[in-house]
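# Observations on the three-dimensional arrangement
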Amino acid sequence: MKTVNFQFRVVPAGTGSAVWDDPHPDHVIERFMPRTRQHGPMIGVLHLGAARPTPGVLQNVVVHIGEDVRAGRYGDFSFVVTSEDGATRNVISDIAASQDLAIFITSTPANLGNAELAGALTTKERETMSLVLQAGGTVTAGEFAEQLDVEQTTAGNRLVALHKKGFLQRVSRPHPSGDQFIDPRSVRLSD
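Owing to the predicted nature of the structure, the values given are computational and were not obtained by experimental measurement.

## A short note on the packing of aromatic side chains
In the structure shown here, the tally under the stated rule is two aromatic pairs. Arranged with centres 4.8 Å apart and planes meeting at 65°, the rings of Tyr 74 and Phe 77 form a pair that is edge-to-face. Exposure remark for Phe 77: the relative accessible area of 5% places this residue in the buried category. Ring geometry for Phe 104 versus Phe 167: centroids 5.8 Å apart, planes at 75°, classification edge-to-face. Here Phe 104 is found in strand β6 (residues 103-106), whereas its partner Phe 167 is found in the loop between α6 (152-165) and β9 (169-171), with 63 residues between them in sequence. Of the two residues, Phe 104 and Phe 167, neither departs from the other in class, the shared state being buried.

The structure is reproduced here in structure tokens:
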């Protein structure tokens, strides 16, 4: 299997446990994804740490980035939000579900493998994500079809739907190998 190189960008929102209330949080978005958005597969982490963002900041940062991801403005991009505060993680999860945004949520960037899926996902989509992760985090439609004992087209449709939503990354490969679908929670950092 060919190695896929991901860019990994962590953008800290601030330090300490202060309330994060910024009337113009656009500077965080610009640091997160500058206007020159040319890149290969990428995982972007908005690291809130112990900061507790106000609803306005969440609207202007989390929703804005999530909508850009959904619209494909960042290309092959997975959005992760980390927060040490459980209540903040719950609010972000609720926002992701209500706005249909693909966000992975965890307590720390070092805990990416255990990130929770946040967004409007059906039971079958959650099952698909779980099966992809159990299979090592990378599958082709053919491999997934074998795992489920279904037609390759059916398996491919499930994977493509999750890619379009922003939960799986897709790496194009020529036939007969087939495209790879990667759960970003399975990406391992190297030195």
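After that view of the structure, there is still more to cover.
## A word on the sheet that holds strand β5 (residues 77-82)
Judged by pairing direction, the sheet is mixed, and its five strands sit side by side in the order β1-β3-β5-β6-β7 without closing on themselves. Edge positions in the sheet fall to β1 (7-12) and β7 (116-118), since each of these pairs with one other strand and no more. On average, adjacent strands in this sheet sit at an angle of 25° to one another, irrespective of strand direction. Judged from the three bridges that link them, β6 and β7 form a sheet pairing that is antiparallel. Note on β7: the bridge partner recorded for Phe 104 is Leu 117. Against the sheet, helix α2 (residues 55-70) engages β3 (42-47), β5 and β6, with an angle of about 160° to β5.

## Focus: α6
The end-to-end C-alpha distance of α6 is 20 Å, a good match for the 20 Å that 14 residues give at a rise of 1.5 Å each. Within α6, the full set of buried residues consists of Ala 155, Gly 156, Arg 158, Leu 159 and Leu 162. For α6, the angular spread of buried residues about the axis comes to 160°, placing them on one side. What points out from α6, more than 90 degrees from its buried face, is the exposed set Thr 153, Asn 157 and Lys 164. Next to the buried residues of α6 lie α4 (123-134), β8 (138-139), α5 (141-148) and β10 (180-182). Two residues or fewer past α6, Gly 166 is found with a positive phi of approximately 105°.

## Some remarks on the layout of surface pockets
The space that makes up the second largest pocket amounts to roughly 200 Å³. Lining the second largest pocket we find 15 residues, and of these Ala 141, Gly 142, Gln 152, Gly 178 and Asp 179 sit closest to its centre. Of all elements in the fold, only α5 and α6 reach the threshold of two or more residues within the lining of the second largest pocket. Considering only residue class, the lining of the second largest pocket consists of five nonpolar, seven polar and three charged.

## Here we look at the pairing of β3
Among the six residues that make up β3, six are buried, leaving the element largely enclosed by the rest of the structure. Of the two faces of β3, both are covered, the one formed by Met 42, Gly 44 and Leu 46 as well as the one formed by Ile 43, Val 45 and His 47. Across six bridges, the pairing between β1 and β3 is parallel. Counted as the bridge partner of Arg 9 is Gly 44 from β3. Bridge analysis of β3 against β5 gives six bridges, and the strand direction is parallel. Within the sheet, the bridge partner assigned to Val 45 lies in β5 and is Val 80.

Thresholds, definitions, all that
Residues numbered from 1 in each chain as written. Predicted model: local features only at pLDDT ≥ 70, side-chain atom pairs only at ≥ 80, totals over all residues. Heavy atoms only, no water. Phe/Tyr/Trp six-rings, centres within 6.5 Å; stacked < 30°, edge-to-face > 60°. Buried < 20%, exposed > 50% of the residue type's maximum accessible area, 1.4 Å probe, protein only. Helix = DSSP H or I, 4+ residues; strand = E, 2+ residues; numbered from the N terminus. Pairing = 2+ DSSP bridges. Axes fitted to C-alpha atoms, helices over the stretch in contact; angles between N-to-C directions. Contact = heavy atoms within 4.5 Å. Expected span 1.5 Å × (residues − 1). Arc of directions from axis to C-beta. 1 Å grid on protein atoms, 1.4 Å probe; cavity = no way out; pocket = protein on both sides within 12 Å on 5 of 7 lines; lining within 4 Å. Points joined across faces, edges and corners; volume = space filled by probe spheres on them. Nonpolar A, V, L, I, M, F, W, Y, C, P; charged D, E, K, R; others polar.

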